[in-house]
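Here are the chains, one letter per residue:
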Amino acid sequence: MPAACDSLVEDIEDIVSAQDPKPHDQQFAKRSIVPHVRKRKKHQQDEGTDDVQADSVIPGAQKIWVKTWGCSHNSSDGEYMAGQLAVYGYKITDNSSDADLWLLNSCTVKNPAEDHFRNTIKKAQEQNKKVVVAGCVPQAQPRMDYIKGLSIIGVQQIDRVVEVVEETIKGHSVRLLGQKKDKGKRLGGARLDLPKIRKNPLIEIISVNTGCLNACTYCKTKHARGELASYSVAELVDRAIQSFQEGVCEIWLTSEDTGAYGRDIGTDLPTLLWKLVEVIPEGAMLRLGMTNPPYILEHLKEMAKILHHPRVYSFLHVPVQTGSDSVLMDMKREYCIADFKLVVDFLKKQVPGITIATDIICGFPGETEADFQETLKLIQEYKFPSLFINQFYPRPGTPAAKMEQVPAQVKKQRTRTLSQLFQSYTPYDHKIGEKQHVLITEESFDGQYYVAHNKFYEQVLVPKQPELLGKMIEVDIYEAGKHFMKGKPAQNGKIYTPSIVKPLLRGAVSGVMEEFKTINENAHYRWSSEKSVSASLLPWNLKCPRVKIVSLSLAVLAVIMAVTIAIFR
């Protein structure tokens, strides 16, 4: 493991630049976009050849490999970055060896994810690939030794990915770590209407807010995502409508804590959800993201009504982390086991069949054998069908890293014991013979089935019939496993087609503004560095419609001039 950086960032606000542009600020002149721009060391050229100037490299002609680790929020950020790069002309490739630049979008929740991220950087450097790093790792600790000299895109700066990639291609090192603010108030992040390449064209991931209100002693994500900052209800509803207009049939709401949504802007989660269900087409579904117990407690009755809605999955992810009140106190989780049980018991009573997913951390500092037995007792009592078991890893800069640690062997043994308990029960056996309505959204990992989910977001494998993808159908359940059921289409069952239009093709860019799409489709050319249109002039970086018209007119003029020169040269 590398040594910790010399100066850990204890508060994300410490690295906010006072000069960070407000949302939608446009930049006509190509100004310096970083405090320090450093030229990378030039490789020695073969004898008899001229040195190639870095700035003579033509941006927009390269292949980019985008790799994302972590949560659905991070996945959405990766999709947005890929979309913007594709619109600008870069080719997004699934082949890392074929790519000119690797865009690595990291996760800081656990050590293994960061280890994989660090190893991938090393691999890229061994292959002489240009590298841009993004996500929570560099945002939380930008001075880590293994990312020194690399370009960084902060978690709230993903709308400027084209600028960073462009400068990196030219040989510069660029770091954008500032916050989005409007009149001094922190915003949820980049605009939601940015171009995007969905990993699955049928599923839209919408981040409702960034950051959280907690201060959990083990959490490194807070260092990166900061305090709670929510998008407005109107922005989120508009994004949902746009997604359905592009053929999406399932929406995931995500954030570091969905339940805390709106507390910073005078609204709340139920208010948002009631507005969203108004625009969901028949047969399409909405899935809620993770919510911590303290915030869902305030809205239990209203949430039960929403989870009953036919177009909302009766599913909720409520992480408990441990069955011990003593450990919860050391974690600073701001609730007790009785609170968690109240949430689960109320929802199971009011929403029959609801799926409650939860998380457990094994071996948190100070966890005794008696504490662990309380955790086993809780899992045995509720037999959660979806349980995320995590061995504790101390994250640098967190209070828990400074606490007295549980021996590694003890942590491993407790993780194994809990895993054995989880594997000892089968939650779906009683459902064999049922008829269920399921929404089919993707292909299984082995390629043998399509994956669907029923009203309770339980996984159902169905025959791989292409005409069923993206449809809601009725199935007969004939088999059950630990994590899935298998169903076959019911005879004379009704088929719903939730998409109001044909879904985008895999790899297609969503949310492309029509004026820029026209330019991009009609202009098959590349600009030299002297004639290039700056990435800061992309439509989503402009401030107002009038400025957009002027800049786009200039872009069209540049196209005409380039084509004319090419013809008469």
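Criteria and thresholds
Residues numbered from 1 in each chain as written. Predicted model: local features only at pLDDT ≥ 70, side-chain atom pairs only at ≥ 80, totals over all residues. Heavy atoms only, no water. Helix = DSSP H or I, 4+ residues; strand = E, 2+ residues; numbered from the N terminus. Buried < 20%, exposed > 50% of the residue type's maximum accessible area, 1.4 Å probe, protein only. Polar contact = N/O pair within 3.5 Å; in protein donor to acceptor, adjacent residues only side chain to side chain. Contact = heavy atoms within 4.5 Å. Pairing = 2+ DSSP bridges. Axes fitted to C-alpha atoms, helices over the stretch in contact; angles between N-to-C directions. Parallel < 35°, antiparallel > 145°, perpendicular 65-115°, else oblique. Left-handed = near helix turned anticlockwise from the far one by under 90°. Nonpolar A, V, L, I, M, F, W, Y, C, P; charged D, E, K, R; others polar. pLDDT = per-residue confidence, 0-100. Lys, Arg positive; Asp, Glu negative; His and termini not counted. Salt bridge = Lys/Arg side-chain N within 4 Å of Asp/Glu carboxyl O. Phe/Tyr/Trp six-rings, centres within 6.5 Å; stacked < 30°, edge-to-face > 60°. Core = buried A, V, L, I, M, F, W, Y, C linked by side-chain atoms within 4.5 Å.

Trainee: An account of the side chain of Arg 225 is requested, with residue identities and associated values reported.
Mentor: Here Arg 225 lies in helix H5 (residues 221-225). Given the relative accessible area of 2%, Arg 225 is considered buried. A distance of 3.4 Å separates a polar atom in the side chain of Arg 225 from a polar atom in the side chain of His 73. One polar contact links Arg 225 to Asn 74, side chain to side chain, over a distance of 3.0 Å. Residue contacts for Arg 225: discarding those within four places in its chain leaves His 73, Asn 74, Asp 77, Cys 136, Val 155, Arg 186, Thr 210, Gly 211 and Glu 256.

Trainee: Explain the sheet that holds strand E21 (residues 459-462) residue by residue, including any values.
Mentor: What the five strands build is a closed barrel, ordered E19-E20-E21-E23-E22; its pairing is mixed. Direction aside, the axes of adjacent strands within the sheet are offset by 55° on average. Where strand E19 (residues 435-443) lies against strand E20 (residues 450-453), four bridges are found, and the strand directions are antiparallel. By the bridge assignment, Glu 443 is partnered in E20 with Tyr 450.

Trainee: Lay out the packing of helix H7 (residues 269-277) against helix H9 (residues 300-308) with the relevant residues and their values.
Mentor: Helix-helix packing is characterised by the crossing angle of the two axes and by the distance between the axes. Interaxial distance between H7 and H9 falls to 10 Å at its minimum, and their mutual angle equals 20°. As judged from the angle between their axes, H7 and H9 are roughly parallel. H9 is crossed by H7, and the crossing has left-handed handedness. For the pair formed by H7 and H9, the contact residues are Leu 269, Pro 270, Leu 273 and Trp 274 on the first element and Glu 302, Met 303, Lys 305 and Ile 306 on the second.

Trainee: Give a description of the sheet that holds strand E5 (residues 130-135) that names residues and reports values.
Mentor: Reading across from one edge, E3-E2-E4-E5-E6-E8 is the order of the six strands in this open sheet, with parallel pairing throughout. Because the sheet does not close on itself, it has two edges, and the strands there are strand E3 (91-92) and strand E8 (175-176). Both E5 and strand E6 (residues 151-153) contribute to a ladder of three bridges, which runs parallel. From the neighbouring strand, Val 133 faces E6, where its bridge partner is Ile 152. The strands that helix H4 (residues 161-169) touches are strand E2 (63-68), strand E4 (101-106), E5, E6 and E8; relative to E5, the one it contacts most, it runs at about 155°.

Trainee: Please set out the pairing of strand E11 (residues 203-207) residue by residue, giving values where relevant.
Mentor: The buried fraction of E11 is high, at five of five residues. Residues Ile 203, Ile 205 and Ser 207 line one face of E11 and the alternating positions Glu 204 and Ile 206 line the opposite face, and both faces are buried. Both E11 and strand E14 (residues 250-254) contribute to a ladder of five bridges, which runs parallel. When the bridges of E14 are listed, Ile 206 appears paired with Leu 253.

Trainee: Got a sec to walk through the packing of H9 against helix H11 (residues 337-350)? Specific residues and values, please.
Mentor: For the pair H9 and H11, the least separation of the axes is 10 Å and the interaxial angle reads 40°. With respect to H11, the element H9 is oriented oblique. Every pair of crossing elements has a handedness; the one defined by H9 and H11 is right-handed. On H11, the residues touching Leu 300, Lys 301, Ala 304, Leu 307 and His 308 of H9 are Leu 342, Val 343, Phe 346, Leu 347 and Gln 350. Residue classes in the contact of H9 with H11 are distributed as seven nonpolar, two polar and one charged.

Trainee: Pulling in residues and values, what's your account of the environment of Ser 207?
Mentor: Tracing the backbone shows Ser 207 in strand E11. The exposure class assigned to Ser 207 is buried, which follows from its relative accessible area of 6%. Separated by 46 residues in the primary sequence, Ser 207 and Leu 253 have C-alpha atoms spaced 6.0 Å apart. Beyond its immediate stretch of four places on either side in the chain, Ser 207 contacts His 73, Leu 192, Tyr 231, Leu 236 and Thr 254.

Trainee: Outline the confidence of the model for the protein, supporting the account with residue identities and numerical values.
Mentor: Per-residue confidence for the protein gives a mean pLDDT of 85, with 80% of residues at or over 70. In the predicted structure, residues 522-533 sits below a pLDDT of 50 and forms 17 contacts with residues beyond four places in sequence or in another chain. Taken together, the stretch residues 543-551 has pLDDT below 50 and engages in eleven contacts with residues farther than four places along the chain or on a different chain.

Trainee: Could you give an account of the side chain of Arg 287, naming the residues involved and the relevant values?
Mentor: Relative to the assigned elements, Arg 287 resides in strand E15 (residues 285-287). Comment: no salt bridge for buried Arg 287; closest opposite-charge side chain is Glu 250, at 6.0 Å. Ignoring sequence-local partners within four residues, the contact set of Arg 287 consists of Ile 251, Trp 252, Leu 253, Tyr 313, Phe 315 and Tyr 457.

Trainee: Provide a residue-level description of the packing of aromatic side chains, including the pertinent values.
Mentor: In the structure shown here, the tally under the stated rule is eleven aromatic pairs. Measuring from centroid to centroid gives 5.5 Å for Tyr 382 and Phe 384, while their planes differ by 20°, and the two rings are stacked. Neither Tyr 382 nor Phe 384 differs from the other in exposure class; each is buried. What links up through ring pairs into an aromatic cluster is the set Trp 69, Phe 117 and Tyr 146.

Trainee: I'd like a description of the nonpolar core, backed by residues and values.
Mentor: Core analysis: the largest hydrophobic core is formed by 84 residues, its most contacted members being Leu 103, Ile 153, Val 165, Leu 253, Leu 273 and Leu 347. Ranked by size, the runner-up nonpolar core spans 19 residues in total, among them Trp 65, Trp 69, Phe 117 and Ile 147.

Trainee: I'd like to hear about the pattern of salt bridges, residue by residue, with values.
Mentor: As a working rule, side chains carrying opposite charge can pair if their charged atoms are close by. Evaluation of the coordinates by the stated rule reveals 25 salt bridges. Between Lys 148 and Asp 145 there is a salt bridge, with the nearest N and O atoms lying 3.2 Å from each other. For Lys 148, a relative accessible area of 52% gives the class exposed. The partner of Asp 476 in a salt bridge is Lys 435, with the nearest N and O atoms 2.7 Å apart. One end of the pair, Asp 476, is in strand E22 (residues 472-480); the other, Lys 435, is in strand E19, with 41 residues separating them in the sequence. Each of Glu 79, Lys 196, Arg 198, Glu 204, Arg 239 and Glu 246 takes part in one network of salt bridges that share partners.

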